[in-house]
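Residue-level structural notes
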Amino acid sequence: MRSDVEYSPVGEGLGMRDFWLYVWMRRVSVIAAHVISLGLTILISLLSRPGTSLFSWHPVCMSAAYCLCMTEGILLFSAEGSPFCFKSRQGKVRLHWFCQALVLVAATTGVGFMVASKNVSERPHLVTWHSLLGVGTLAATLLQAVCGVCLLFPKLLRVTSPPRLKLYHATCGLVAYLLATVTVVSAMFSDWFQATVKGAVWWAFLLLPLFPALVVMNQITNAYLPRKKITS
C-alpha cells in the first residue's frame, strides 16, 4: 500500500472520469479560479491606491496573501487547468511552500500596516467582525505553517504517521482557506469598501471570492474523501 497521499485525477473519486463534459467544466472552473484570484487582487490593489496612507497598504498585502498566493499555492496541485501541471510532485510541494511563505510575509506586513494606521489615528483595535476574523485567519495560517514544517522534515521532527498528518494538513488547510474567504467577504462590509464601491459592482465583488473557494473545496474533497482509510 502506498504511504503517500496525492491529489486524485479529475473526478476519480466520484466515478466520473468518462464524462468529458464534466472534465472540461472542471478545467474551465480551475482556470476561472486562477483568473478571478489574480483579477480580484489587482482590483483591490487599484481601489486601495497604495501609498496614499498607511491603511492603503493593508488591502494590498492581504489580498496578495490570501486571494492570490494562498489560492495559487493550493490550485497548483490541481490535475486540470494548472499552469504547473508539468511539474513533478516534489516540484509542486516546493512551489506550494514558496507560496505559503509569501502568504505569511504579506499577511504579517498587512497586519503591521493596519496596526500602525490605527495607532496613528488613535482608533481601537479588534472592534469589528472583520478584525476578529482576520486574527483567527492569521492564527490558522500559522498553525498550518507549523504542520507543513512537520511534513517537510518528518524524520527530523519524528513524525510517526506522515500520511495521516497530510490528511489533517489538507483538512485544516481547507478550513483556514474558507476562514480567509469569509474574512475577505467581511471586508466588503467595511466603511472604507462601501464608500469606495457601490451598486451592482459591490455585489460582484461580494460574490467573486466565493468561486475560487468552491473550486478549492471541490479539489481537496475529491482528493481525500474518496480514498480508503489511511493507516500509519
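Okay, so let's go over this structure. Note that this is a predicted model, so its numbers are computed, not measured.

The rules behind each value
Residues numbered from 1 in each chain as written. Predicted model: local features only at pLDDT ≥ 70, side-chain atom pairs only at ≥ 80, totals over all residues. Heavy atoms only, no water. Axes fitted to C-alpha atoms, helices over the stretch in contact; angles between N-to-C directions. Helix = DSSP H or I, 4+ residues; strand = E, 2+ residues; numbered from the N terminus. Parallel < 35°, antiparallel > 145°, perpendicular 65-115°, else oblique. Left-handed = near helix turned anticlockwise from the far one by under 90°. Contact = heavy atoms within 4.5 Å. Nonpolar A, V, L, I, M, F, W, Y, C, P; charged D, E, K, R; others polar. Phe/Tyr/Trp six-rings, centres within 6.5 Å; stacked < 30°, edge-to-face > 60°. Buried < 20%, exposed > 50% of the residue type's maximum accessible area, 1.4 Å probe, protein only. Lys NZ or Arg CZ within 6 Å of the ring centre and 35° of its normal. Core = buried A, V, L, I, M, F, W, Y, C linked by side-chain atoms within 4.5 Å.

The subject of this paragraph is the packing of helix α2 (residues 57-75) against helix α4 (residues 129-152). Two numbers describe how α2 lies on α4: the axes approach to 14 Å, and their chain directions differ by 45 degrees. Of the possible angle classes, the one that applies to α2 and α4 is oblique. The way α2 lies across α4 gives a crossing that is left-handed. Contacts between α2 and α4 involve His58, Tyr66 and Met70 from the first element and His130, Thr137, Leu138 and Thr141 from the second. Of the residues contributing to the contact of α2 with α4, the split by class is three nonpolar, four polar and no charged.

On to the packing of aromatic side chains. All told, the structure shown has six aromatic pairs when counted by the stated rule. Ring geometry for Trp57 against Phe113: centres 6.1 Å apart, planes inclined by 25 degrees, an arrangement best described as stacked. Separated by 56 residues along the polypeptide, Trp57 in helix α2 and Phe113 in helix α3 (residues 89-121) bring together distant segments of the chain. The class for Trp57 is partly exposed, based on a relative accessible area of 34%. Look at Trp202 and Trp203: their rings are 5.0 Å apart centre to centre, the planes differ by 85 degrees, and that puts the pair in the edge-to-face class. Taking relative accessible area as the criterion, Trp203 reaches 52% and is therefore assigned exposed. Joined through ring pairs, the aromatic side chains of Phe55, Trp192, Phe193 and Phe205 make up one cluster. A cation sits over an aromatic face here: Arg27 above Trp24, 4.9 Å from the ring centre.

Right, let's talk about the environment of Val105 for a bit. Secondary-structure assignment places Val105 in helix α3. As for Val105 and Ala65, which are separated by 40 residues in sequence, their C-alpha atoms are 8.0 Å apart.

Within the largest apolar cluster, 23 residues are counted, with the highest numbers of intra-cluster contacts made by Tyr66, Val216 and Ile220. Tallying contributions element by element places α2 first for this core, with seven residues. Grouped together as the second largest cluster of nonpolar side chains are eleven residues, Val184, Val197, Phe205 and Leu206 included.

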